[in-house]
Amino acid sequence: MTAERRVVVSRRPAALGRSRDRFDPDDGGPDVPAIVGRQLRQALLTVGAVAALLAGVPVIAVWVPAPWAWFALSLAVQGVWVVLAVLQLRRAERLER
């Protein structure tokens, strides 16, 4: 039989997503919770824009009585969603730097 061996840890390990070398706010590194908070605020702005777009398209279609309005609006909405997604991704990446 082998005897059990005790190991003493002299310091607390770094939290996940943080390295003591690179992400210590005391050393001038980025503060991860602050970055996540800014990204969340930016994402909520994007969600608000998408919600306004979803609510606004039927209202605009009611004002424009032409039958082609729904078709044109559905194509335009898809393009706007792609632009919003690209902008959201770029802003989130910029906030991480």
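Please refer to the structure higher up on the page.
Heads up: these notes are all about the structure in this document. (Residues numbered from 1 in each chain as written. Predicted model: local features only at pLDDT ≥ 70, side-chain atom pairs only at ≥ 80, totals over all residues. Heavy atoms only, no water.)

Take the overall build of the protein next. A tally of regular secondary structure across the protein gives 2 helices and 0 strands. By residue count, 14% of the 97 residues in the protein fall in the buried class. Within the protein, contacts between residues at least 6 apart in sequence are counted, and of these 49% link residues at least 24 apart. Looking at the protein as shown, the accessible area adds up to about 8,400 Å², and 64% of this sits on carbon and sulfur atoms. (Helix = DSSP H or I, 4+ residues; strand = E, 2+ residues; numbered from the N terminus. Buried < 20%, exposed > 50% of the residue type's maximum accessible area, 1.4 Å probe, protein only. Contact = heavy atoms within 4.5 Å. Areas by Shrake-Rupley, 256 points an atom, 1.4 Å probe, with all protein chains shown as cover.)

Below, the discussion takes up helix 2 (residues 68-96). Between the first and last C-alpha of helix 2 there are 43 Å, a value that for 29 residues agrees with the 42 Å anticipated at 1.5 Å per step. Among the residues of helix 2, those classed as buried are Ala69, Leu73, Val77, Leu84, Gln88 and Ala92. Elements in contact with the buried residues of helix 2: helix 1 (32-63). (Expected span 1.5 Å × (residues − 1).)

On to the side chain of Gln39. Along the polypeptide, Gln39 turns up in helix 1. Of the residues examined, Gln39 reaches a relative accessible area of 18% and is grouped as buried. Sequence-distant contacts of Gln39, that is, excluding residues within four places in its chain, are made with Gln88, Ala92, Leu95 and Glu96.

Let's shift gears to the packing of helix 1 against helix 2. The contact between helix 1 and helix 2 brings their axes to 10 Å, and the two run at 175°. The orientation of helix 1 with respect to helix 2, classified from their angle, is roughly antiparallel. Each residue belonging to the contact of helix 1 with helix 2 can be placed in one class, and the counts come to 18 nonpolar, 4 polar and 3 charged. (Axes fitted to C-alpha atoms, helices over the stretch in contact; angles between N-to-C directions. Parallel < 35°, antiparallel > 145°, perpendicular 65-115°, else oblique. Nonpolar A, V, L, I, M, F, W, Y, C, P; charged D, E, K, R; others polar.)

A cluster of nonpolar residues, Val59, Ile60, Val62, Trp63, Val64 and Trp68, forms a patch on the protein surface that exposes about 660 Å² of accessible area. By residue number, the principal contributor to the nonpolar patch is helix 1, which donates 4 residues. Considering the arrangement of structural elements, one finds Trp68 in helix 2. Take Trp68: its relative accessible area is 55%, and that puts it in the exposed class. (Patch = residues over 30% accessible without salt bridge, like charges linked within 9 Å, V, L, I, M, F, W, Y side chains within 5 Å. Salt bridge = Lys/Arg side-chain N within 4 Å of Asp/Glu carboxyl O.)

Don't take any of this as a statement about function, it's just geometry.
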